[in-house]
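# Coordinates in review
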Amino acid sequence: MIRSLSFIQLFVILTVGYTGGVLLYRSIPSADFTLLVQLYDQRAVSDGSPSLVYQLLSVLSFYIVAAALALSGRTKWLVMMSGALKSVLFGLSSAYLLADGLKMTVYAGWWFPFQLAATLLVFFCCWPLPPPFYLKQPKKKKFSWRVPVLFAAAGLIVFFADKIVYKLTGG
């Protein structure tokens, strides 16, 4: 029961974050969100192909921030904010792309599924890092980084699959 409760918590954070990003874009129509969208996914803003190093840094930054926050006992409660920030940027970028005139078939077939999978993998990576507030952790049990690293590796696989599909669709 406790595991399923925290799993539901992940989807609630994802939904609220995505909706918050869309509402942020819609509520401030005069603001230029190009810089934020460019930090999230540079391909969404420019027609050119950004460098692979920059794209890898933007993907891995969420995992690195989550792992860094999990190292200290004082900041462990902020780990899920890394995933929440990714879902807000996901919603903001989605609204930006749709308002900018991206074709719905390209959005629904390429961008949305891969970004959703990448966001879910960040959440799944953040999930085992801090113990939920309602779970007591035994003091003697040593934490294993294997599961978060596996989710980060899966995030890289999704990233490269996204790049392949982007190239196949003419990006």
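See the structure printed just above.
Residues numbered from 1 in each chain as written. Predicted model: local features only at pLDDT ≥ 70, side-chain atom pairs only at ≥ 80, totals over all residues. Heavy atoms only, no water.

Right, let's get into helix H5 (residues 104-126). Taking 1.5 Å of rise per residue, 23 residues should cover 33 Å, and H5 covers 31 Å from first to last C-alpha, within 8% of that figure. The sharpest bend along H5 comes to roughly 35°, located at tryptophan 111, with the proline proline 113 sitting one to four residues further on. (Helix = DSSP H or I, 4+ residues; strand = E, 2+ residues; numbered from the N terminus. Expected span 1.5 Å × (residues − 1). Bend = angle between axes of the 7 residues up to and from the residue.)

Formed by 37 residues in total, the largest nonpolar core has its most connected members in Tyr25, Tyr40, Tyr63, Val79, Trp111 and Cys126. Elements with a minimum of two residues in this core: helix H1 (2-27), helix H2 (34-40), helix H3 (52-71), helix H4 (79-100), H5 and helix H6 (146-168). At 12 residues, H5 tops the list of elements feeding residues into this core. Ignoring anything within four residues of it in the chain, the contact list for tryptophan 111 reads Tyr40, Asp41, Phe90, Ser93, Ser94, Leu97 and Val106. (Core = buried A, V, L, I, M, F, W, Y, C linked by side-chain atoms within 4.5 Å. Buried < 20%, exposed > 50% of the residue type's maximum accessible area, 1.4 Å probe, protein only. Contact = heavy atoms within 4.5 Å.)

Once that is clear, we can look at the packing of H3 against H6. Packing of H3 against H6 brings their axes to within 10 Å, and their N-to-C directions diverge by 145°. Classified by chirality, the crossing of H6 by H3 is right-handed. Across the interface between the two elements, Leu52, Gln55, Leu56, Val59, Leu60 and Tyr63 from H3 touch Phe151, Ala152, Gly155, Leu156, Phe159, Phe160 and Lys163 from H6. Class assignment of the residues belonging to the contact of H3 with H6 gives a composition of 10 nonpolar, two polar and one charged. (Axes fitted to C-alpha atoms, helices over the stretch in contact; angles between N-to-C directions. Left-handed = near helix turned anticlockwise from the far one by under 90°. Nonpolar A, V, L, I, M, F, W, Y, C, P; charged D, E, K, R; others polar.)

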